[in-house]
Amino acid sequence: MLRSITGRPGPSGFGSATTAEQVTHGIDGSNLTAIVTGGASGIGLETAGVLAMRNVHVIIAERNMEAANEAKQRILKDNKGARVDVERLDLSSIRSVKAFADNFKELNLPLNILINNAGVMYCPFQLSEDGIEMQFATNHIGHFYLTNLLLDKMKETAKSTGIQGRIVNLSSLAHLFTYKEGIQFDKINDKNSYHDKRAYFQSKLANILHANELSRRLQEEGANITVNSVHPGLIMTNLMKHTALLMSIIKTFSSFMWKNVPQGAATTCYVALHPSLNGVTGKFFNDCNEQEPSKLAQDEDLAHNLWDFSNNMIDAALKT
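Residues numbered from 1 in each chain as written. Predicted model: local features only at pLDDT ≥ 70, side-chain atom pairs only at ≥ 80, totals over all residues. Heavy atoms only, no water.

- As annotated in an unreviewed UniProt entry, the chain carries the name Short-chain dehydrogenase TIC 32 B, chloroplastic and is attributed to Datura stramonium.

## As for the nonpolar core
Thought 1: Counting residues in hydrophobic clusters, the biggest one holds 47 residues, and the most contacted among them are Ile-35, Phe-100, Phe-136, Leu-146, Leu-150, Ile-167 and Ile-183.
Thought 2: Elements supplying a minimum of two residues to this core: β2 (57–62), α5 (94–106), α6 (134–161), α7 (196–221), β6 (225–231) and α11 (300–319).
Thought 3: When residues in this core are grouped by element, the largest group, 10 residues, is from α6.
Thought 4: Those residues within four positions of Ile-35 in sequence are excluded, and the remaining contacts are Ile-59, Ala-61, Phe-100, Phe-104, Leu-111, Ile-113, Leu-114, Ile-115 and Leu-150.
Thought 5: Counting 39 residues, the second-largest nonpolar core is a separate cluster that includes Ala-272, Leu-273, Leu-277 and Phe-285. (Core = buried A, V, L, I, M, F, W, Y, C linked by side-chain atoms within 4.5 Å. Buried < 20%, exposed > 50% of the residue type's maximum accessible area, 1.4 Å probe, protein only. Helix = DSSP H or I, 4+ residues; strand = E, 2+ residues; numbered from the N terminus. Contact = heavy atoms within 4.5 Å.)

## Focus: the sheet that holds strand β7 (residues 284–286)
Thought 1: If you walk across this open sheet you meet the eight strands as β3-β2-β1-β4-β5-β6-β7-β8, and the pairing is mixed. The sheet terminates laterally at β3 (84–88) and β8 (289–290), the two strands that pair on one side only.
Thought 2: Note: β7 against β8, two bridges, orientation antiparallel. Pairing of Asn-286 across the sheet is with Asn-289, part of β8.
Thought 3: Those strands touched by α6 are β1 (33–37), β4 (113–116), β5 (165–170) and β6, and its axis lies near 165° from that of β4.
Thought 4: Sheet strands touched by helix α10 (residues 266–273): β4, β5, β6 and β7. Its angle to β5, the strand with the most contacts, is close to 160°. (Pairing = 2+ DSSP bridges. Axes fitted to C-alpha atoms, helices over the stretch in contact; angles between N-to-C directions.)

## Here's the deal with the pairing of β1
Thought 1: With five of five residues buried, β1 lies mostly within the body of the structure.
Thought 2: Residue alternation in β1 divides its side chains into two sets, Thr-33, Ile-35 and Thr-37 and Ala-34 and Val-36, and both sets are buried.
Thought 3: As defined by bridge partners, β1 adjoins β2 across five bridges and the pair is classed as parallel. Of the residues in β2, the one forming a bridge with Ile-35 is Ile-59.
Thought 4: Relative to β4, β1 is paired through three bridges, and the arrangement is parallel. Bridge pairing in β4 places Ala-34 opposite Ile-113.

## Describing the environment of Tyr-179
Thought 1: With respect to the helices and strands, Tyr-179 occurs in the loop between β5 and α7.
Thought 2: The exposure class assigned to Tyr-179 is buried, which follows from its relative accessible area of 10%.
Thought 3: A sequence separation of 16 residues divides Tyr-179 from His-195, and the C-alpha atoms of the two residues are 9.5 Å apart.
Thought 4: Ignoring sequence-local partners within four residues, the contact set of Tyr-179 consists of Gln-184, Ser-193, His-195, Arg-198, Ala-199, Gln-202 and Leu-296.

## Points about empty space enclosed by the protein
Thought 1: Counting across every chain of the model gives two cavities of 30 Å³ or more.
Thought 2: Of the pockets and cavities examined, the largest cavity occupies roughly 50 Å³.
Thought 3: Lining the largest cavity we find Glu-133, Tyr-179, Gln-184, Lys-187, Ile-188, Asp-190, Ser-193, Tyr-194, Ala-199 and Gln-202.
Thought 4: Broken down by class, the residue content of the lining of the largest cavity amounts to four nonpolar, three polar and three charged.
Thought 5: Considering only enclosed or pocket space, the second largest cavity measures out at about 40 Å³ in volume.
Thought 6: Every residue lining the second largest cavity is listed: Asn-116, Asn-139, His-140, His-143, Asn-169, Leu-170, Asn-207 and His-210.
Thought 7: Tallying contributions element by element places α6 first for the lining of the second largest cavity, with three residues.
Thought 8: Classifying every residue of the lining of the second largest cavity by side-chain character gives one nonpolar, seven polar and no charged. (1 Å grid on protein atoms, 1.4 Å probe; cavity = no way out; pocket = protein on both sides within 12 Å on 5 of 7 lines; lining within 4 Å. Points joined across faces, edges and corners; volume = space filled by probe spheres on them. Nonpolar A, V, L, I, M, F, W, Y, C, P; charged D, E, K, R; others polar.)

## Overview of α5
Thought 1: Across its 13 residues, α5 extends 19 Å between first and last C-alpha, which sits within 8% of the 18 Å expected from 1.5 Å per residue.
Thought 2: Turning to α5, its buried residues number three or more, namely Ile-94, Ser-96, Val-97, Phe-100, Ala-101 and Phe-104. Buried residues along α5 cover an arc of 165° about the axis, so they all sit on one side.
Thought 3: Just past α5, the residue Asn-108 takes up positive phi, approximately 55°. (Expected span 1.5 Å × (residues − 1). Arc of directions from axis to C-beta.)

## Notes on the packing of aromatic side chains
Thought 1: Inspection of the entire model under this criterion finds 10 aromatic pairs.
Thought 2: A ring pair is formed by Phe-14 and Tyr-270, whose centres lie 5.7 Å apart and whose planes are at 70°; its orientation type is edge-to-face. Taken together, the residues span a long stretch of sequence, with Phe-14 in the loop between α1 (2–6) and α2 (20–23) and Tyr-270 in helix α10 at a distance of 256 residues. Neither residue differs from the other here; Phe-14 and Tyr-270 are each classed as buried.
Thought 3: Here Tyr-122 and Tyr-200 contribute two aromatic rings whose centre-to-centre distance is 5.4 Å and whose plane-to-plane angle is 80°, an arrangement assigned as edge-to-face. Taken together, the positions of Tyr-122 in the loop between β4 and α6 and Tyr-200 in helix α7 put the pair 78 residues apart, joining distant regions of the chain.
Thought 4: In textbook terms, an aromatic cluster arises when at least three aromatic residues are bridged by ring pairs, as seen for Tyr-122, Phe-177, Tyr-200 and Phe-201. (Phe/Tyr/Trp six-rings, centres within 6.5 Å; stacked < 30°, edge-to-face > 60°.)

As structure tokens, then:
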């Protein structure tokens, strides 16, 4: 905690005050292609922009295509040589996720990096078009399905190029405050037991469990892909639109704990690009340094159960 507040670098040489540009300084990603979900605003936009700055071919996956195109133009304004494309993706819709994956495969591009960045936060209770609670649908199920659909492409790319693939799930230290049992499998879509904040914390726990279980499976298979999860930090972005007033008040009394957007994107870019993390997988990072997550986040049985539960949810949605 003290290191986060002071910005003092950790073992990696970076810390809470480090920016995304600083952690990627000197890295050439000209032979890499990355997908960034939610890359049109906030830390997603900063991540996309910095990756493009390092010559990575970036695909911004975004529900709002007007915002996505504006983000592309903003990146190109600062970096005329940037390789940036946009594709529509609504993570709350199983069919939209499938359509995005199909469209991407038709582009016949390689895929080295998948950054599962997009999310919603503290939403009033709402079911997605597939009948899944919106925070769980968007933050976890959509990314879980997207990752599964793109996994073969990432394996092919890693095998043909010899370059290790990387998957980064954006989670949060908020996962520490989820429901007592971690994931409420039998109450995911129950309006009566819904708590907007705990439902968000639950989805963030799911992001870590997903990364850990996928990492285990890929290691067992011998695939040349790493999977890690990150906590970006406290950043005032559009993600907090449902509690903007509350967060503004909290920030007034805890300004020393908050990051700006370039600092908020640093851990994502570090885990996605830095050469020191070759072969590092199944870990949780905060302030560009490895950190131990909660015991629930390390529960292998819970991760396995979530994997099966998620697949069953997707199968049910595809049948309707």
